[in-house]
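Each chain, written out:
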Amino acid sequence: MSKSHCPRDHQSFELKLLLRRRLLAGLRPEGLCDLCAGQGRLLRALAADFAFCHAVEKNARQAAILEARLREEGLDHVTVHRMDHEKFVRDLLPGLDAVNFLDVDAYQNPHPLLRLVFSNWRPAGPAAIAVTDGGRLGIVRGQRLRLDQYRGRLTPGAAPGPPARAHPLLVAEHELIVRAFWRELAAKRRLVVRDFIAAWPPGRRVLYYGLIVEPD
Ligand SMILES: C[S@@+](CC[C@H](N)C(=O)[O-])C[C@H]1O[C@@H](n2cnc3c(N)ncnc32)[C@H](O)[C@@H]1O
């Protein structure tokens, strides 16, 4: 994921928060990693439940606001990493113990990043993953469908598909593609995925979803 742009989507903030609270209901919260922390609106709403949190944000302005808000609110168990989340996933995530909640509130297709996460990190037990999948935004805008980016296993040399708007499956059944991604990833990484929940905000331009993943 390369852009550091954060579209305003907080009209659906309550829905995002509800999804995360629902995931937390099935878990004993320990460590949270927010890979798209922004100003931390979600993170700050959840942080009190966790023993420690890591917030990753590459945009310097957003990270500065986040740090100021954390100070104001006394959330000193949150560590802010001003860096690209891919670098964080490669260099820091593998060394963190007891992370059991990953937040990826992205506005692009987050699945390449999620594939990278699970090639560098393995949950020790049940872990919740909360995702904003902005892959549909590109589809709405008529970009080419990159089904290869929605694969849990990569096929070398896979060609981009037809213009995304023309692909009825993705238009009508985006959730099926996301579920297939997790099935493939789980098989490749010997994980079990359960409790998949999906929520569409008004306009269906992005998909919010979450699940619990654990070692097989
Ligand atoms: C939708 S906003 C997150 C909002 C946040 N979850 C909240 O509740 O306030 C997405 C954030 O991801 C950040 N971002 C995008 N690409 C990134 C990357 N490669 N590494 C780190 N942060 C990134 C953006 O700068 C932006 O602040």
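The structure under discussion appears in the preceding block.
So, here is what we can say about the structure in this document. Numbering of residues starts from 1 in each chain and follows the order in which that chain's sequence is written. Local features are withheld for residues below a pLDDT of 70 in this predicted model, meaning they are given only at 70 or higher, and side-chain atom pairs are given and counted only at 80 or more; totals for whole chains, interfaces and linings count all residues.

1. Thoughts on the overall build of the chain
At step 1: Under the scheme used here, helices are H or I runs from DSSP no shorter than 4 residues and strands are E runs no shorter than 2 residues, and both carry numbers assigned from the N terminus. The helix and strand tally for the chain stands at eight helices and seven strands.
At step 2: A residue is called partly exposed when the number of other C-beta atoms within 10 Å of its own lies between 12 and 20, exposed at 12 or fewer, and buried at 20 or more, with C-beta atoms placed from the backbone. Taking all 216 residues of the chain together, the buried fraction comes to 35%.
At step 3: Taking contacts inside the chain between residues at least 6 apart in sequence as the whole, the part at least 24 apart equals 69%. Whether two residues are in contact depends on their C-beta atoms, placed from the backbone: they are in contact if these lie within 7 Å.

2. Focus: the sheet that holds strand 4 (residues 99-105)
Through backbone hydrogen bonds, the strands of a sheet pair up, either in parallel or in antiparallel fashion.
At step 1: Judged by pairing direction, the sheet is mixed, and its seven strands sit side by side in the order 3-2-1-4-5-7-6 without closing on themselves. Each of the sheet's edge strands pairs with one partner strand only, and the pair in question is strand 3 (78-81) and strand 6 (191-199). Strand after strand, the sheet turns through a mean of 15 degrees between neighbouring axes, direction not considered.
At step 2: Strand direction decides the pairing type here: strand 1 (residues 31-34) and strand 2 (residues 52-56), joined by four bridges, are parallel. Bridge pairing in strand 2 links Gly31 to Phe52. If DSSP finds at least two bridges between two strands, the strands pair. Note on geometry: axes are lines fitted to C-alpha atoms, helical ones only across the stretch in contact, with angles between N-to-C directions running from 0 to 180 degrees.

3. Considering the site of the ligand
At step 1: In this text, near has one meaning. A residue is near a molecule or strand if its C-beta atom, placed using the backbone, is within 6 Å of it. Around the ligand sit 20 residues in total, of which Cys36, Gly38, Arg41, Leu42 and Asp105 are the nearest.
At step 2: Classifying every residue of the shell around the ligand by side-chain character gives seven nonpolar, seven polar and six charged. Lys, Arg, Asp and Glu make up the charged group, whereas Ala, Val, Leu, Ile, Met, Phe, Trp, Tyr, Cys and Pro make up the nonpolar group; the residues left over, Gly among them, are polar.

4. A closer look at helix 8 (residues 174-189)
At step 1: How far a helix is expected to stretch is found by multiplying one less than its residue total by 1.5 Å. Here helix 8 contains 16 residues, and its C-alpha end-to-end distance of 23 Å stays within 8% of the 22 Å for a straight helix at 1.5 Å per residue.
At step 2: Of the residues making up helix 8, those classed as buried are His174, Val178, Phe181, Trp182 and Leu185. Along the axis of helix 8, the buried residues cluster in a sector spanning 90 degrees; they form a single face. Exposed side chains of helix 8 directed beyond 90 degrees from the buried face belong to Leu176 and Arg183. Regarding the arc, it is the one traced by the directions from the helix axis to the C-beta atoms.

5. Some details on the nonpolar core
At step 1: By our criterion, buried Ala, Val, Leu, Ile, Met, Phe, Trp, Tyr and Cys residues that link up through C-beta atoms within 7 Å make up a nonpolar core. With 45 residues, the main nonpolar core has Leu43, Leu102 and Ile129 as its most contacted residues.
At step 2: Here the element with the most residues in this core is strand 5 (residues 127-133); it accounts for five residues.
At step 3: Leaving out residues up to four positions away in the same chain, Leu102 has contacts with Cys33, Leu35, Val117, Ala127 and Ile129.

6. Brief notes about the pairing of strand 7 (residues 207-215)
At step 1: In this sheet, strand 7 lies alongside strand 5 in antiparallel orientation, the contact comprising seven bridges. Looking at strand 7, one finds that Ala128 is bridged to Ile212.
At step 2: Both strand 6 and strand 7 contribute to a ladder of seven bridges, which runs antiparallel. From the neighbouring strand, Arg194 faces strand 7, where its bridge partner is Ile212.

7. Things to note about helix 1 (residues 13-24)
At step 1: Under the 1.5 Å per step criterion, the end-to-end length of helix 1 is 17 Å for twelve residues, consistent within 8% with the ideal 16 Å.
At step 2: Within helix 1, the full set of buried residues consists of Lys16, Leu19, Arg20 and Leu23. Around the axis of helix 1, the buried residues are gathered within 95 degrees of arc, so they sit on the same side.
At step 3: Packing partners of the buried residues in helix 1 comprise helix 2 (41-46), strand 5, strand 6 and strand 7.

8. Considering the environment of Glu57
At step 1: Inspection of the secondary structure assignment puts Glu57 in the loop between strand 2 and helix 3 (60-72).
At step 2: C-alpha of Glu57 to C-alpha of Gln39: the two residues are 18 residues apart in sequence and 8.6 Å apart in space.
At step 3: Apart from the residues lying within four places of it in its own chain, the contact partners of Glu57 are Ala37, Gly38, Gln62, Ala63, Leu66, Val80 and Arg82.

9. Details of the environment of Glu86
At step 1: Checked against the element boundaries, Glu86 lands in helix 4 (residues 85-91).
At step 2: Here Glu86 is in contact with Leu113 and Leu116, once residues within four sequence places are set aside.

10. What to know about the environment of Val56
At step 1: Residue position: Val56 is located in strand 2.
At step 2: Along the sequence, Val56 and Asp84 sit 28 residues apart, while their C-alpha atoms lie 7.3 Å from each other.
At step 3: Sequence-distant contacts of Val56, defined by excluding residues within four places in its chain, comprise Asp34, Leu35, Ala37, His81, Met83, His85 and Phe88.

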